[in-house]
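Here are the chains, one letter per residue:
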There are 8 protein chains.
Amino acid sequence: MGPLVDERPVAELTIDVHRELRTGQAEAVYAEGKTPAQVRDAASALVSGSTGAVFATRATPEQYHAVLDAVPGASYSPRSRLIVAKRAATYAPIGSVAVVCAGTSDLPVADEAAQTADALGMSTSRVTDVGVAGVHRVIERAPGLDAADVVIVVAGMDGALPSVVAGLTRRPVVAVPTSVGYGAAFEGLAALLSMLNSCAPGVSVVNIDNGFGAGLVAHRIVRTRQ
Amino acid sequence: MGPLVDERPVAELTIDVHRELRTGQAEAVYAEGKTPAQVRDAASALVSGSTGAVFATRATPEQYHAVLDAVPGASYSPRSRLIVAKRAATYAPIGSVAVVCAGTSDLPVADEAAQTADALGMSTSRVTDVGVAGVHRVIERAPGLDAADVVIVVAGMDGALPSVVAGLTRRPVVAVPTSVGYGAAFEGLAALLSMLNSCAPGVSVVNIDNGFGAGLVAHRIVRTRQ
Amino acid sequence: MGPLVDERPVAELTIDVHRELRTGQAEAVYAEGKTPAQVRDAASALVSGSTGAVFATRATPEQYHAVLDAVPGASYSPRSRLIVAKRAATYAPIGSVAVVCAGTSDLPVADEAAQTADALGMSTSRVTDVGVAGVHRVIERAPGLDAADVVIVVAGMDGALPSVVAGLTRRPVVAVPTSVGYGAAFEGLAALLSMLNSCAPGVSVVNIDNGFGAGLVAHRIVRTRQ
Amino acid sequence: MGPLVDERPVAELTIDVHRELRTGQAEAVYAEGKTPAQVRDAASALVSGSTGAVFATRATPEQYHAVLDAVPGASYSPRSRLIVAKRAATYAPIGSVAVVCAGTSDLPVADEAAQTADALGMSTSRVTDVGVAGVHRVIERAPGLDAADVVIVVAGMDGALPSVVAGLTRRPVVAVPTSVGYGAAFEGLAALLSMLNSCAPGVSVVNIDNGFGAGLVAHRIVRTRQ
Amino acid sequence: MGPLVDERPVAELTIDVHRELRTGQAEAVYAEGKTPAQVRDAASALVSGSTGAVFATRATPEQYHAVLDAVPGASYSPRSRLIVAKRAATYAPIGSVAVVCAGTSDLPVADEAAQTADALGMSTSRVTDVGVAGVHRVIERAPGLDAADVVIVVAGMDGALPSVVAGLTRRPVVAVPTSVGYGAAFEGLAALLSMLNSCAPGVSVVNIDNGFGAGLVAHRIVRTRQ
Amino acid sequence: MGPLVDERPVAELTIDVHRELRTGQAEAVYAEGKTPAQVRDAASALVSGSTGAVFATRATPEQYHAVLDAVPGASYSPRSRLIVAKRAATYAPIGSVAVVCAGTSDLPVADEAAQTADALGMSTSRVTDVGVAGVHRVIERAPGLDAADVVIVVAGMDGALPSVVAGLTRRPVVAVPTSVGYGAAFEGLAALLSMLNSCAPGVSVVNIDNGFGAGLVAHRIVRTRQ
Amino acid sequence: MGPLVDERPVAELTIDVHRELRTGQAEAVYAEGKTPAQVRDAASALVSGSTGAVFATRATPEQYHAVLDAVPGASYSPRSRLIVAKRAATYAPIGSVAVVCAGTSDLPVADEAAQTADALGMSTSRVTDVGVAGVHRVIERAPGLDAADVVIVVAGMDGALPSVVAGLTRRPVVAVPTSVGYGAAFEGLAALLSMLNSCAPGVSVVNIDNGFGAGLVAHRIVRTRQ
Amino acid sequence: MGPLVDERPVAELTIDVHRELRTGQAEAVYAEGKTPAQVRDAASALVSGSTGAVFATRATPEQYHAVLDAVPGASYSPRSRLIVAKRAATYAPIGSVAVVCAGTSDLPVADEAAQTADALGMSTSRVTDVGVAGVHRVIERAPGLDAADVVIVVAGMDGALPSVVAGLTRRPVVAVPTSVGYGAAFEGLAALLSMLNSCAPGVSVVNIDNGFGAGLVAHRIVRTRQ
């Protein structure tokens, strides 16, 4: 057989070891399309240089098992596909987040947001299955929302929930569109556009299905209290 | 000066005189980009062949004045830009429609819907400025919605109002996205997609800013009672 | 092996038990991406609180079998992927719907619409394979369309059929674009845009492939007769 | 005042003098955004090198008057904005085209197609205002369509007319989407996509509002008879 | 096990038996997503009512074998996925088409066009692998193009070939964009838009990957000679 | 002259007087397309029911003068087109925001964000003209960013600035895409998509050109400190 | 009259004085939407800190006159709308560029590219009006293209010219799509996508209508010879 | 069994044997969707007629093994999927390229670019994992970038890296967007648009994931030194 090209021995990992110092949040690993070894090496290097939580998103069970070999105690949620690895067992508690979710199909994304916040020391509460077609459900839960520091709202399809929630609470609303839906949902585009055009004040938006990103935004917000 | 091409003397008007017989709704004139004379001739011919209301949409005041010369008693609303012309003074009353509107910027489209329904003999009620950011407003009005036969909901920006309304009423909800908004509203695309993906049952959608179309849909619905 | 994250024991089901009271239509289960257990639990809870039909859309045979364990008598169509579960055996008859379909590839969506209407007590008639390339076919069927209370028109590709039908009948036309086609059909976008821009009066549109939604719209329309 | 940059004296006109020899159709001038002098010079140079008709599309009256100075006898239609200039007064007759038009708002584009065909020696017939909402109108005219060699169909909004026409005639159908419509017509995109996905055989499509292009296609088709 | 819904015994086949009389081209079967039995029944019914060729596009080998049971002598090309079935063995020869193809990846679509034309009695010639990056290749073949009655040009990626070809031949050019390419080709959108905006005269366009449609257009064109 | 339709005397203003109680932020007036009288009446009613600042966005000078008649002391910025009206002269100071701006063309949007924050009691600092093509400029300013509670980043064209900023600061970054740019900027779409896909943590996004919305998000964030 | 908000006296100009040192190209002023004073101040500050050419793109005559007050000798082209200001009268000659242009409507963009290159010391040659519909024109010019160091190709509509040119020359081809065209040209999108999918090697692309950017790319390329 | 259509024995390979003479770069094989035999035959024919490197992109291992049978010594990289085949063992060294890569997920595309450049005789250096969220990483590497003749920058997600790099180096920057990302990355569209709108000078862009194309552009650039 003929010669394969050696995959070039480039230094493929340029860990940004100072990011945690600069921003208080370590670099994360985007696991999609990476080999288990790549995820393991990146996670391991990041944990070595970090005092806090290290995340790998969109991970497969295989990638998780590879990480686990290098970072004992790492945890994994098959539903959200989030790996959390950290050296220290606990964080000082810091603030709280309410994760509100329109339908049960949106739960994987809501889980990712809540698990991210939890790993960073925030207390999390959950409000699930309160789509706007039965708007009384979310109104009943409104008083509880003000008890949190930040509200993350996860919704697919028409993406209408953040507009309703932001009119009911004093808190910043981080909206997460999901790819739940079909046809003219266009993989989350409908919910994304709806949220960007929210008629309610105080809504900002992250990428489609990006529960992890919403968790990090919430973390930065609650740190302003310190 | 050289020869202009004569605009060809084609028979440019092929009035569908039997449409009213077939469908109970006369052909309408889409006035955008037509000359006042074209609008006048089309409206005049349609009124001659009609027992009911004839409409010209997106009309200018100049087009209205031309129509008025040929069809005395025609009316016009500068805000909705709708011309209504009819031979008979009155219609037999037929059903009722509630026109619900998210914000005051959506009023021209809501007017067009209500004026269309009114001209066709429907009694109309109006609920205005009840965007979902203050969701209590529309909840308070919900009992009244069931009193109508059809509910037309007009909204721009996030287009979230039909989802909320359809969860509060038993009536068919005809959703009209408007081009109100900016940026990622993309001239009504955000509201349109949101409405097509409504998580609530019983919502159907017409074209952006098409209040006239919504009025005709409502008219067909109430006729099912006959 | 390291610790998996426990899927959080959030109360994931917030059944909107009063929706049927408010709207006369029970909440539905969007089965896509849910586990069989999730579909079963949701359907079961909804049937308990309902006097009418409960639907699960886009269901797999596995999800159906799970539902069947909890709700004896539930039915399922492999072609439309619709589960229908109801406590009472029969509905009082209420109105009628004609489901018109452009091509045989559109049948799964047309089935979903007809099965939904049927489960809600409507009598249904079917007109199939009457695409506009052979326009005499639908013209011959036109008199029958006026005999129904509502006409649902299902079409992919050019989405031209609702415009023709709405010019032939007095009835409200609920148009359902399908994802049938290829290339510049863009998964139903071409048909959707065509229908939204229908040059005929009385057409409103639901989401791509959303036969279920069209059935619910029809149900609300016929109830206006009561 | 400081120095303006001289517009560079580049040889800005590289007339393709042999195109008429190769293709039987002279190069055309796309007048949009050109100065009257540019249009005049290009048209003049093309007429000098041509034995047939030279066209300038999307022209203003000012551009026309400039052309007229250089090419006596040039004609112009304010509605279609087409300038036709030719040395020889007449063409040998060559074939026939029927130009079918959905609504009166589509007339400028239909005119451009018919005037192009006429200038190239084709006999033209017109069928106007036969939108598919009154489908009997076009069916009545169907026998006449087969009498032409080619059928050009011009339509905006839902773009449904070519599908109906192509099912009624044996002739090749050249479909021209127009930008007539609003909202989700997206400047002709809806009609364009609808036509590209026509469920009828024998339809091909040109650019939005491109009546001129349709005329040239028709000309090439009828020449196959020679 | 619970009751499945019987697939409704609707008359799912409304064969347009007169289409061949009206248009000279029998209805075709779009096989994508249909069962082998559905394709067989439709093809069989069409062949019974037809004097010419019947086509099923996008067919699988399984669908072909089902058709073959009912229509002996039907042929199939695995590369173009086209089934051709006809009662009479031969057609009277009618005109000629040249099928020009930019790259070898475009061959399945070019095959479909050529096989369609061939089955309808046209003589076909092929020019393959003449992308515009080596423009001398197509220039050398230009004289041969004028020998055909129609030129079909098939290209993906930049879709530039029809513009070059239409400047080299007198014949009508039917352009077929293909989904060949990646990234910003967006499944054929780039080629489609490029072709619709061709700077050369005499180009009309069919749907992405629609070689069959191009063959039918060519057939209608050559019949104008009769 | 014939009868105009009276603009219907609907109660067009349904002020959400309790929104400030619920959310701590009064309803705002979206002035685009409203008459000066509509803006004046809405602003006046809101100020009457409010203890804080009332905003009208996208206002013209004429609308401002109308507001000023009813609400003495209202201020207006021609560049940002923002009207600020409030009963009480001063707010208790609450937190701080840094508004970072990529280019001088982005200043109107940055102004709107800063003026909103200022009117709500926040201290504001500005960093202007620090596009990523000269990345040292923003690095030098990074220490100052951590001194604020929230960082708003305004950028058009490639929308790259928020990704760089979020990697340099601990603070939540609210990204505002602007419509600055041309061609493939598509009125801000390029910047919007870039920001939604930021590879840096802690970024959330508001609508294109929506400086006002960013100011409200910042306000909600700093209130979590209370 | 009430108080206007003072436009905040922020330090709106953060000139990147070291960019010329780092990159050999001074910062440019994007004049669109700026006041004449803003353009003047930015240009003046840049010229002070620069040893080479300073550019302001998309400038109006008014902006040019303001610049001229501060920077004597600045030049301006009304067609390309480019202002060039430099302290030193001449540059050392550096390399050569050929600017190839599909149609005369593309000249403003081609001018901008050529003027930029010229101001940076490159010798420029021009090839104009060589669209691919008459492909012999560009083939005849091909030998001259290899005499330049870089070839810039400017084209709208189908954007096919760069593919042809890149197959004829050894030189790097910088493709500039223009917004010339109508309908499905979508303001240059068709040409942009076509160029990105070029089937010829050695093509890279800049933004729509961005002749200035192409000139800068060419400048960087020729400097590799030094 | 019935007759299959013989795949027509068209001369499917029209090798552009003179392309290497004209452009100095041989034709390449786009392997996606081709059979191993097609790839082998094309590669073999090209190598016979070439003095340099022949490439097959997007190849599978099976296609590689087929090529290897015909062209001993051909190499293959499973990660980039690039086959390189050449007759002569070595090239004269020609210039240098730096391949800069935002994240490890972008490595396959960066590999393809580097392997292409390497096969054409360029010396290549690699900078990996320097996304702009940790902007110090790329700044530290900036001096090295000027040591290369060309800089290729590969990035997905926000596509922000080329803007930063182009502000740090004097070299031409060839930007390659990748399809890395999710949600509103839309398969690389976000990165593509961001790069086309780069606020930094000297950036040109190739198709999404087109590392091969970037390598060819770099090759043409470095040849200008000769």
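A.B. asks: Could you clarify how one ought to interpret the interface of chain F and chain A in this entry?
C.D. replies: When the parts of a complex come together, some accessible area is lost, and that lost area is often used as the size of the interface. Facing 33 residues of chain F, the contacting portion of chain A comprises 34 residues. Together, the buried faces of chain F and chain A total about 3000 Å²; carbon and sulfur atoms form 52% of this surface. Considering only the surface of chain F that becomes buried against chain A, F:Arg170, F:Arg220 and F:Thr224 emerge as the three largest contributors, covering 23% of it. At the boundary of chain F with chain A, the tally comes to zero salt bridges. Between the two partners, chain F and chain A, sit 16 residue pairs in polar contact (both at pLDDT 80 or more). Examining the composition of the side of chain F that touches chain A, we find that five residues originate from one element, helix α8 (residues 211–223) of chain F, more than from any other. Split by residue class, the side of chain F that touches chain A holds 14 nonpolar, ten polar and nine charged.

A.B. asks: Which parts of the structure should I look at to understand the packing of helix α4 (residues 107–119) of chain B against helix α8 (residues 211–223) of chain B?
C.D. replies: The description of two packed helices rests on the angle between their axes and on the distance between the axes. All names here are of chain B. Two numbers describe how α4 lies on α8: the axes approach to 7 Å, and their chain directions differ by 35°. Between α4 and α8 lies a crossing of right-handed hand. Residues Val109, Glu112, Ala113 and Thr116 of α4 pack against Gly211, Phe212, Gly215 and Leu216 of α8. Across the contact of α4 with α8, the residue classes tally to four nonpolar, three polar and one charged.

A.B. asks: Where do I start with the relation of the copies chain F and chain A in this structure?
C.D. replies: Two copies of the chain are present, and they differ by a rotation about an axis and a shift along that axis. Structural alignment of chain F on chain A gives an RMSD of 0.0 Å, achieved by rotating through 180° and translating 0.0 Å along the axis. Interpreted geometrically, this transformation is the action of a two-fold axis. Here 100% of the contact residues of chain F are again contact residues in chain A; the copies associate through an equivalent surface.

A.B. asks: Before we go on, may I ask you to explain the confidence of the model for chain A in this structure?
C.D. replies: Low pLDDT marks stretches whose predicted atomic positions should not be read closely. All names here are of chain A. Taken residue by residue, chain A gives an average pLDDT of 90. The fraction at 70 or more is 90%. Confidence over residues 6–11 falls short of pLDDT 50; this stretch has nine contacts with residues more than four positions distant or in other chains. The ipTM assigned to the predicted complex is 0.92, against a pTM of 0.94.

A.B. asks: How do you make sense of the relation of the copies chain C and chain B when you look at a structure like this?
C.D. replies: When chain C is fitted onto chain B, the two copies agree to an RMSD of 0.0 Å after a turn of 180° and an axial shift of 0.0 Å. Both copies present the same face, since 100% of the interface residues in chain C are matched by interface residues at the equivalent positions in chain B.

A.B. asks: Honestly, helix α4 (residues 107–119) of chain C in this entry has me stumped. Any pointers?
C.D. replies: Note: α-helices contain 3.6 residues per turn, so residues at a spacing of three or four share the same orientation. Residue and element names in this part refer to chain C. In a regular helix each residue adds 1.5 Å, so 13 residues correspond to 18 Å; α4 covers 18 Å between its end C-alpha atoms and thus fits that length. With respect to burial, α4 is a largely interior element, eleven of its 13 residues being buried. For α4, the complete set of buried residues consists of Leu107, Val109, Ala110, Asp111, Glu112, Ala113, Ala114, Gln115, Thr116, Ala117 and Ala119. In the stretch just after α4, Gly121 is the one whose phi turns positive, near 100°.

A.B. asks: Looking at this structure, how should I read the packing of helix α7 (residues 189–196) of chain A against helix α7 (residues 189–196) of chain B?
C.D. replies: Running from N to C, α7(A) and α7(B) cross one another at 125°; their axes reach a closest spacing of 8 Å. As far as their axial angle goes, α7(B) and α7(A) are oblique. Seen from above, α7(A) lies across α7(B) with left-handed handedness. Here A:Leu189, A:Ala190, A:Leu193 and A:Ser194 of α7(A) lie close against α7(B), whose contacting residues are B:Leu189, B:Ala190, B:Leu193 and B:Ser194.

Basis of the calculations
Each chain carries its own residue numbering, running from 1 in the written order of its sequence. For naming, the first written chain is A and the first written ligand is 1, with later ones following in the order written. Thresholds applied to this predicted model are a pLDDT of at least 70 for local features of residues and 80 or more for the giving and counting of side-chain atom pairs; totals over whole chains, interfaces and linings are not thresholded and use all residues. Remark: hydrogens and water are excluded; side-chain values derive from all non-hydrogen atoms of the structure. The criterion used for residue contact is that any of the two residues' heavy atoms lie within 4.5 Å. For any pair of parts, buried area is found by adding up, for both, the accessible area (1.4 Å probe) each one loses once the two are put together. Salt bridges are defined by distance alone: a side-chain nitrogen of Lys or Arg within 4 Å of a carboxyl oxygen of Asp or Glu. Counting of polar contacts relies on pairs of N or O atoms within 3.5 Å, with two restrictions inside protein: one atom must be capable of donating a hydrogen and the other of accepting it, and residues adjacent in sequence are counted only when both atoms are side-chain atoms. Where helices and strands are cited, they refer to DSSP runs of H or I of at least four residues and of E of at least two residues respectively, numbered from the N terminus. Think of it as three bins: nonpolar holds Ala, Val, Leu, Ile, Met, Phe, Trp, Tyr, Cys and Pro, charged holds Asp, Glu, Lys and Arg, and polar takes everything else, Gly as well. Axis lines are fitted to C-alpha atoms, over the contacting stretch for helices. Their N-to-C directions set the angle, which ranges from 0 to 180 degrees. The crossing is said to be left-handed when, going from far helix to near helix, the turn is anticlockwise and less than a right angle, and right-handed when the turn is clockwise. To line up the copies, we fit them by least squares on C-alpha atoms, keeping just the residues with pLDDT of at least 70 in both. Residue-level confidence of the predictor is summarised by pLDDT, bounded by 0 at the bottom and 100 at the top. Expected span, for any helix, means 1.5 Å times one less than how many residues it has. Each residue's exposure class comes from its accessible area (1.4 Å probe, protein chains only) as a fraction of the maximum for that residue type: buried when under 20%, exposed when over 50%, partly exposed otherwise. Note on angle classes: values under 35 degrees are labelled roughly parallel, values over 145 roughly antiparallel, values of 65 to 115 roughly perpendicular, and the remainder oblique.

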